[in-house]
Amino acid sequence: MSRSADVVVVGGGAIGCAVAYYTARRGLRVTLLDQARRGRATSASAGGLWPVGESVGLGCGVIVHKARHAAGRAPDAPTALPPHFVAFARRSNAMFPGLAAELFEATGIDVEWERTSLLFLLFDDGDESFARSLRARGPVGAEMPAWLDADELARAEPAVSRRARGALRFEGDDQVNPYRLADALRAAACKLGATFLSRAEATGLEVRDGRVVAVATPAGRITCDMVVNAAGAWAAKLGRLAGLELPVRPVRGQIVGTEPLPKLLSACLSTADCYLLQKGHGEVLVGSTTEEAGFEVGVTPQALHALAVGAVRAVPGLESVQVKRAWSGLRPGTPDELPILGPVAGLDGYLNACGHFRTGIVNAPLTGAVVAELAAGVAPSFPIGPFLASRFGGASS
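Let us look at the structure shown here.

**Brief notes about the side chain of asparagine 352**
Part 1 of the reasoning: With respect to the helices and strands, the residue asparagine 352 is situated in strand β18 (residues 347-354).
Part 2 of the reasoning: The exposure class of asparagine 352 is buried, given its relative accessible area of 0%.
Part 3 of the reasoning: For asparagine 352, the side chain forms a polar contact with the side chain of tyrosine 350, separated by 2.5 Å.
Part 4 of the reasoning: With residues up to four places along the chain from it excluded, the contact list for asparagine 352 reads Asn229, Leu246, Ile340, Leu341, Gly342, Val344, Val371 and Ala389.

So, in structure tokens, the structure goes:
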């Protein structure tokens, strides 16, 4: 069977679905390919929208740092991501209120966007030293994080351990349901005319005279003007089909989910051991490890135990709570922890939308909008020069 499209998006996670949605909104004929691989990055996310927290090294960032520091490959405190990334993440995060309303109107799917804020809990001298260093850097974006003492923390979050000395509060770091977000973006794209092919793998990219002209799948060839690599942890494999070497690798993250509970947490919590957030249906999610385990998507008793211990340290009432599920996903890591976006020199008809590592959910809206602009031949509304693959030197064909 032969098909045609203006744009073929390879990858059906939150990033790929966002690209498909915003591209379809521009009136382009879009085909979205989703192989539904087990362990893709959307599955590794708890849905924290933490543009500031993650940018300064909290959330998954503090856990990444802890793993590297233990291996002797990192300084004493997490380092901040560069200002252009912070600006990108903040702009993308600001799109969520409007996007959530758009998607609900178009599809009836509530993506469960919720204002929460992020609290970094301070338990010891090391936590306090890191918190002071964050405040010494000055405000990240618009606001300085607020310092809560122990009493203020107890009033704000009664379930948090009284052993905590206080917390830093990052306003604007909120949450969403990542599965519902991907589902709503996909459904909205299809309502706008996009074609969704499930269980469809891109097995080849046909390049003619320096341009991608078609995508091969087991179901047939799809001719196109543009292909978008939104293949997550598998982005390097797709790139190689066009002769590209993209430094994207899988980074496993394991997560624990509790049984549904009455309202326990108002904010999302970050500690040196884990992060915690409670979803609308009552489940508390505890994440997440950062492991170089290749494409292995299993869970391990050691990791789950460490997450549970960290969760109980932060919220003692969780000690008697039943675990409902545990799972893992593969984040698309890059050497500098920044996404890879946009075109590649020497190869027309190809765009990257990959390598988002631990910030794919928060950056999905702006990634989708910017890549759609590029696909339509429009100058991007946010500068993507720092995110081009060329920063790695050997990434082009």
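From this point, things continue past the structure.
**Description of the sheet that holds strand β4 (residues 118-122)**
Part 1 of the reasoning: Spatial ordering of the open sheet is given by β5-β6-β4-β13-β14-β15-β12-β16, a layout of 8 strands whose pairing is mixed. The open sheet is flanked by β5 (146-149) and β16 (323-333), the only strands paired with a single partner. Put simply, the sheet's adjacent strands are angled 25 degrees from each other on average, direction ignored.
Part 2 of the reasoning: As paired strands, strand β12 (residues 249-258) and strand β15 (residues 284-287) are joined by 2 bridges and run antiparallel to one another. Among the inter-strand pairings, glycine 257 is bridged to a residue of β15, identified as leucine 285.
Part 3 of the reasoning: Helix α7 (residues 125-136) rests against β4, β5 and β6 (166-170) of the sheet, and its axis sits at about 135 degrees to β4.
Part 4 of the reasoning: Against the sheet, helix α11 (residues 301-314) makes contact with β4, β12, β14 (275-278), β15 and β16, and its axis sits at roughly 55 degrees relative to β12, the strand it touches most.

**A word on the packing of helix α5 (residues 83-94) against helix α12 (residues 364-375)**
Between two packed helices, what matters for the description is the angle formed by their axes and the separation of those axes.
Part 1 of the reasoning: Between α5 and α12, the shortest axis-to-axis distance is 7 Å and the interhelical angle comes to 95 degrees. Judged by the inter-axis angle, α5 sits roughly perpendicular to α12. Residues Phe88, Arg91 and Ser92 of α5 form the contact with α12, whose own contacting residues are Ala364, Pro365, Leu366 and Thr367.
Part 2 of the reasoning: Residue composition of the contact of α5 with α12, grouped by class: 4 nonpolar, 2 polar and 1 charged.

**Details of the nonpolar core**
Part 1 of the reasoning: One finds Val9, Tyr21, Leu103, Leu181, Leu185, Val228 and Phe387 to be the most contacted residues of the largest nonpolar core, which totals 51 residues.
Part 2 of the reasoning: Tallying contributions element by element places helix α1 (residues 14-25) first for this core, with 9 residues.
Part 3 of the reasoning: Residues within four places of valine 228 in sequence aside, it is in contact with Val7, Val8, Val9, Val10, Val19, Leu351, Ala353 and Val371.
Part 4 of the reasoning: Grouped together as the second largest cluster of nonpolar side chains are 30 residues, Val215, Ala231, Leu238 and Val297 included.

**Examining the pairing of β14**
Part 1 of the reasoning: The alternating pattern of β14 places Tyr275 and Leu277 and Leu276 and Gln278 on opposite faces, both of which are buried.
Part 2 of the reasoning: Pairing analysis gives 2 bridges linking strand β13 (residues 268-270) to β14, with the strands arranged antiparallel. Opposite serine 270, over in β14, you have tyrosine 275 as the bridge partner.
Part 3 of the reasoning: Hairpin connection of β13 to β14: 4 residues between the antiparallel strands.
Part 4 of the reasoning: Relative to β15, β14 runs antiparallel, the two sharing 4 bridges. Residue glutamine 278 lies in a different strand from β15, and its bridge partner there is valine 284.

**A few points about the packing of aromatic side chains**
Part 1 of the reasoning: Throughout the structure, instances matching the rule amount to 6 aromatic pairs.
Part 2 of the reasoning: On the basis of an interplanar angle of 80 degrees and a centroid distance of 5.3 Å, the ring pair of tryptophan 50 and tyrosine 275 is categorised as edge-to-face. Of the two residues, tryptophan 50 sits in the loop between β3 (48-49) and α3 (51-55) while tyrosine 275 sits in strand β14, which places them 225 residues apart along the sequence.
Part 3 of the reasoning: Taken together, a centroid distance of 5.6 Å and an interplanar angle of 80 degrees make the contact between phenylalanine 120 and phenylalanine 130 edge-to-face. Taken as a pair, phenylalanine 120 in strand β4 and phenylalanine 130 in helix α7 lie far apart in primary sequence, 10 residues in all. Each of the two residues, phenylalanine 120 as well as phenylalanine 130, counts as buried.
Part 4 of the reasoning: One Lys or Arg, arginine 313, reaches over the ring of phenylalanine 123 and ends 4.2 Å from the middle of that ring.
Part 5 of the reasoning: A cation over an aromatic ring shows up here: arginine 325 above the ring of tryptophan 327, its NZ or CZ 4.1 Å from the ring centre.

**Quick notes on the environment of glutamate 128**
Part 1 of the reasoning: Looking at where glutamate 128 falls in the secondary structure, it is placed in helix α7.
Part 2 of the reasoning: Residues glutamate 128 and leucine 168 lie 40 residues apart in sequence; the distance between their C-alpha atoms is 9.5 Å.
Part 3 of the reasoning: Excluding residues that lie within four positions of it along the chain, glutamate 128 makes contacts with Leu122, Trp147 and Arg165.

**A closer look at the pattern of salt bridges**
Part 1 of the reasoning: Going through the model one piece at a time under the given rule, you end up with 22 salt bridges.
Part 2 of the reasoning: Between arginine 358 and glutamate 54 there is a salt bridge, and its shortest N-O distance comes to 2.4 Å. With a gap of 304 residues between them, arginine 358 in the loop between β18 and α12 and glutamate 54 in helix α3 connect regions that are remote in the sequence.
Part 3 of the reasoning: You can call glutamate 54 buried: its relative accessible area is 4%.

**Some thoughts on the environment of valine 315**
Part 1 of the reasoning: Its place among the elements puts valine 315 in the loop between α11 and β16.
Part 2 of the reasoning: Each C-alpha atom, one on valine 315 and one on valine 30, is 46 Å from the other, the two residues being 285 residues apart in sequence.

**Here's the deal with the packing of helix α6 (residues 96-107) against helix α9 (residues 178-191)**
Part 1 of the reasoning: Relative orientation of the contacting elements α6 and α9 amounts to 60 degrees, with a least axis distance of 9 Å. Here α6 is positioned oblique relative to α9, judged by the angle of their axes. Judged by the sense of rotation from one axis to the other, the crossing of α6 with α9 is left-handed. Counted together, Phe96, Leu99, Leu103, Ala106 and Thr107 of α6 and Leu181, Ala184, Leu185, Ala187, Ala188 and Lys191 of α9 form the full contact between these two elements.
Part 2 of the reasoning: The class makeup of the residues in the contact of α6 with α9 is 9 nonpolar, 1 polar and 1 charged.

Quick notes on the rules
Residues numbered from 1 in each chain as written. Predicted model: local features only at pLDDT ≥ 70, side-chain atom pairs only at ≥ 80, totals over all residues. Heavy atoms only, no water. Helix = DSSP H or I, 4+ residues; strand = E, 2+ residues; numbered from the N terminus. Buried < 20%, exposed > 50% of the residue type's maximum accessible area, 1.4 Å probe, protein only. Polar contact = N/O pair within 3.5 Å; in protein donor to acceptor, adjacent residues only side chain to side chain. Contact = heavy atoms within 4.5 Å. Pairing = 2+ DSSP bridges. Axes fitted to C-alpha atoms, helices over the stretch in contact; angles between N-to-C directions. Parallel < 35°, antiparallel > 145°, perpendicular 65-115°, else oblique. Nonpolar A, V, L, I, M, F, W, Y, C, P; charged D, E, K, R; others polar. Core = buried A, V, L, I, M, F, W, Y, C linked by side-chain atoms within 4.5 Å. Phe/Tyr/Trp six-rings, centres within 6.5 Å; stacked < 30°, edge-to-face > 60°. Lys NZ or Arg CZ within 6 Å of the ring centre and 35° of its normal. Salt bridge = Lys/Arg side-chain N within 4 Å of Asp/Glu carboxyl O. Left-handed = near helix turned anticlockwise from the far one by under 90°.

Worth remembering: the numbers are spatial, not functional.
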